[in-house]
Amino acid sequence: MINLILFGPPGSGKGTQAVKLAEKYDLIHISTGDLFRYEMGNDTPLGLKAKEFISKGELVPDSITVGMLSNKLDKHPDSVGFILDGFPRTIAQCEALDEIFSEKEMAISKLIALDVAEDELVKRLVERGKTSGRADDSDSNIIKNRIKVYHAETSPVYNYYDEMKLSHTVDGIGSIEDIFGRLCATIDS
Ligand code: UDP
Ligand code: MG
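Rules and cut-offs
- Residues numbered from 1 in each chain as written.
- Chains lettered and ligands numbered in written order.
- Predicted model: local features only at pLDDT ≥ 70, side-chain atom pairs only at ≥ 80, totals over all residues.
- Heavy atoms only, no water.
- Helix = DSSP H or I, 4+ residues; strand = E, 2+ residues; numbered from the N terminus.
- Rg over C-alpha atoms; globule rule 2.2 N^0.38 Å.
- Buried < 20%, exposed > 50% of the residue type's maximum accessible area, 1.4 Å probe, protein only.
- Contact = heavy atoms within 4.5 Å.
- Areas by Shrake-Rupley, 256 points an atom, 1.4 Å probe, with all protein chains shown as cover.
- Lys, Arg positive; Asp, Glu negative; His and termini not counted.
- Charge placed at Lys NZ, Arg CZ, Asp CG, Glu CD.
- Core = buried A, V, L, I, M, F, W, Y, C linked by side-chain atoms within 4.5 Å.
- Near = heavy atom within 4 Å.
- Polar contact = N/O pair within 3.5 Å; in protein donor to acceptor, adjacent residues only side chain to side chain.
- Nonpolar A, V, L, I, M, F, W, Y, C, P; charged D, E, K, R; others polar.

Undergrad: So what's going on with the overall build of the protein? Residues and values would help.
TA: A tally of regular secondary structure across the protein gives 9 helices and 5 strands. Beginning at the N terminus, the succession of helices and strands in the protein can be written as β-α-β-α-α-α-β-α-β-α-α-α-β-α. Taking 189 residues into account, the globule formula puts the C-alpha radius of gyration at 16 Å, and the protein, at 16 Å, falls close to it. Along the first, second and third principal axes, the C-alpha atoms of the protein reach 40 × 40 × 30 Å. Taken over 189 residues, the protein has a buried fraction of 46%. Restricting the contact set of the protein to residue pairs at least 6 apart, pairs at least 24 apart contribute 74%. Per element, the accessible surface of the protein, about 9,500 Å² overall, is 52% carbon and sulfur. In the protein, 22 positive and 31 negative side-chain charges are present, and the distance between their average locations comes to 5 Å.

Here's what the structure looks like:
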């Protein structure tokens, strides 16, 4: 089994690369952000709750996100592996994931971080906001808050897995194919 965490700040290219990696390695791609957007689009109770936080660029509380992730894993018992995109986002989520994985006798293979400078991130998110229809991409204050939350709450996730020697960093600047090649080389190494 290969279980990857694709890591990086908002706008670093996780979603784009996760789709390509899932195809190449036959993994189930789980984007917690996409799952929330699906729930919000259908105005489900979970979606309405998530919207309170996402619309401000804050994180949805850990218990909600972890429960949703766990349900999604359970839907694919026969998968050869998963690629987690945008999760875990806090140390508490790392600890919850450890527990879920140990119950299922699964393990994280690698965390790969996409390294992109901050001015480039803001540029990409503003550009994406023109077509994505995502309210959280269309307001520079929300974008700034998401990056702030990333530094405060999410960046320690890298160190959490680094202590287990599982964290790797890949240069996230370049063409989609070049970055994909770097990711594949890291996975295969
Ligand atoms: N979000 C969250 N927990 C998650 C995933 C997403 O709270 O596990 C919320 C958070 O408010 C975030 C937004 O959903 O800013 C969009 O997440 P997504 O991962 O799609 O955005 P990205 O960081 O990839 O641009
Ligand atoms: Mg994303």
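Undergrad: Requested: an account of the nonpolar core, with residues and values cited.
TA: Ile5, Leu84, Leu97 and Tyr161 are the most contacted members of the largest nonpolar core, which has 30 residues in total. Breaking this core down by element, the ones donating at least two residues are β1 (2-7), α2 (32-41), α3 (45-54), α4 (62-74), β3 (81-85), α5 (91-103), β4 (110-115) and α8 (156-162). The contact partners of Leu97, leaving out residues within four places of it in the chain, are Ile5, Leu69, Leu84, Phe87, Pro88, Ile108 and Tyr161. One finds Leu4, Leu6, Leu21 and Tyr25 within the second-largest nonpolar core, a separate group that totals 16 residues.

Undergrad: Talk me through the site of ligand 1; I want residue IDs and the actual numbers.
TA: Taken together, 18 residues lie around ligand 1, and Thr32, Arg37, Glu58, Val60 and Arg146 are the ones closest in. At a separation of 2.4 Å, an oxygen atom of ligand 1 approaches a polar backbone atom of Glu58. Interatomic distance of 3.0 Å between a side-chain N/O atom of Arg89 and an oxygen atom of ligand 1. Per element, the largest residue contribution to the shell around ligand 1 is 4 residues, and it comes from α2. Considering only residue class, the shell around ligand 1 consists of 5 nonpolar, 5 polar and 8 charged.

Geometric values such as these leave the question of function open.
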